[in-house]
Amino acid sequence: MMKRIRTTLFLAALPMLASVPAVAADVAAGAVKVKEVCQACHGMNGNSTSPDYPRLGGQHEDYLVQALRDYKSGARKNPIMNGFAATLSEQDIENVAAYFASQPQVVFTKR
Ligand code: HEC
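Here is what the cut-offs are and how they apply
Residues numbered from 1 in each chain as written. Predicted model: local features only at pLDDT ≥ 70, side-chain atom pairs only at ≥ 80, totals over all residues. Heavy atoms only, no water. Helix = DSSP H or I, 4+ residues; strand = E, 2+ residues; numbered from the N terminus. Buried < 20%, exposed > 50% of the residue type's maximum accessible area, 1.4 Å probe, protein only. Contact = heavy atoms within 4.5 Å. Areas by Shrake-Rupley, 256 points an atom, 1.4 Å probe, with all protein chains shown as cover. Axes fitted to C-alpha atoms, helices over the stretch in contact; angles between N-to-C directions. Left-handed = near helix turned anticlockwise from the far one by under 90°. Nonpolar A, V, L, I, M, F, W, Y, C, P; charged D, E, K, R; others polar. Core = buried A, V, L, I, M, F, W, Y, C linked by side-chain atoms within 4.5 Å. 1 Å grid on protein atoms, 1.4 Å probe; cavity = no way out; pocket = protein on both sides within 12 Å on 5 of 7 lines; lining within 4 Å. Points joined across faces, edges and corners; volume = space filled by probe spheres on them. Near = heavy atom within 4 Å. Polar contact = N/O pair within 3.5 Å; in protein donor to acceptor, adjacent residues only side chain to side chain. Sits in = over half its atoms within 2 Å of the grid points. Parallel < 35°, antiparallel > 145°, perpendicular 65-115°, else oblique.

Participant: An account of the overall build of the protein is needed here, citing residue identities and associated values.
Facilitator: Each helix and strand counted, the protein has five helices and zero strands in total. Starting at the N terminus and ending at the C terminus, the protein contains elements arranged as α-α-α-α-α. Counting all 111 residues of the protein, 27% fall into the buried class. Long-range contacts, defined as pairs at least 24 residues apart, comprise 67% of the intrachain contacts of the protein with a sequence gap of at least 6. About 7600 Å² of surface is accessible on the protein, with carbon and sulfur atoms providing 61% of the total.

Shown next as structure tokens:
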């Protein structure tokens, strides 16, 4: 009896689990976007050698997605990034985040 209830609850929850990732990230499309827009400041691999620009290579994908959503919504304020994030769709955000997360993390000892 208990077992049947648990099975029923599990099956009822399946469609919810399946719908969690709203959009699947496309790393190749992310690379195209980065080449067009972001690399001028952050570098193609996300590891800018300029201290003015945070390094994005190898950063956690979730962190990058959240940062870009926050710039887009205005929850995080920066005149430069608010402007660039505004041009990104939710799909673009997922793509560029996946791309930068896939790049090597570079640690510079001296800038
Ligand atoms: C004109 C230069 C410039 C361009 C182009 C640019 N950025 Fe930025 N980016 C910055 C600066 C400056 C900051 C630091 C802003 C701050 O202090 O919040 C930043 C911060 C970020 C952060 C937050 C990093 C962290 O550690 O919290 C992310 C993520 C990011 N940029 C992604 C992108 C993406 C994706 C693009 C392309 C769509 C892009 N940027 C284009 C200058 C730029």
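Participant: Can you lay out the packing of helix α3 (residues 61-73) against helix α5 (residues 90-102) for me, pointing to particular residues and giving the numbers?
Facilitator: Two measures define how a pair of helices packs: the angle their axes make with one another and the distance between the axes. At a closest axis distance of 8 Å, the pairing of α3 and α5 adopts a crossing angle of 140 degrees. When you trace α3 past α5, the crossing you get is right-handed. For the pair formed by α3 and α5, the contact residues are E61, L64, V65, L68, R69 and K72 on the first element and E90, I93, E94, V96, A97, A98, F100 and A101 on the second. Across the contact of α3 with α5, the residue classes break down as nine nonpolar, no polar and five charged.

Participant: So what's going on with the nonpolar core? Residues and values would help.
Facilitator: Counting residues in hydrophobic clusters, the biggest one holds 17 residues, and the most contacted among them are V34, L64, L68, Y71, I93, Y99 and F100. Contributions of two or more residues to this core are made by α2 (27-42), α3, α4 (79-86) and α5. Ignoring any residue separated from it by four or fewer positions in sequence, one finds L64 in contact with L56, Q59, A97, F100 and A101.

Participant: Any chance you could break down the layout of surface pockets for me, citing the residues and the numbers?
Facilitator: Looking at the largest pocket, its volume works out to about 490 Å³. Around the largest pocket, the lining comprises 24 residues; the ones closest to its centre are H42, P54, L56, Y71 and M81. Looking at the lining of the largest pocket, the elements with two or more residues in it are α2, α3, α4 and α5. Taken together, the residues that form the lining of the largest pocket break down as 18 nonpolar, three polar and three charged.

Participant: Describe the site of the ligand, listing the residues and the values that go with them.
Facilitator: In the vicinity of the ligand lie 20 residues, with C38, C41, H42, Y63 and M81 positioned nearest. The separation between a nitrogen atom of the ligand and a polar side-chain atom of H42 is 2.8 Å. Between the ligand and the protein, one listed contact pairs an oxygen atom with a side-chain N or O atom of R76 at 2.9 Å. Of the pockets mapped on this structure, the ligand occupies the largest pocket. Listed by contribution, the elements that provide at least two residues to the shell around the ligand are α2, α3 and α4. Residue contributions to the shell around the ligand peak at five residues, all from α3. A per-class count over the shell around the ligand returns 16 nonpolar, two polar and two charged.

Participant: Quick rundown of the packing of α3 against α4? Include the residues and the values.
Facilitator: The geometry of α3 relative to α4 is characterised by a closest axis approach of 7 Å and an angle of 95 degrees between their N-to-C directions. Comparing their axes, α4 and α3 come out roughly perpendicular. Here L68, Y71 and K72 of α3 come into contact with α4, specifically with M81, N82, A85 and A86. Here the residues of the contact of α3 with α4 sort into five nonpolar, one polar and one charged.

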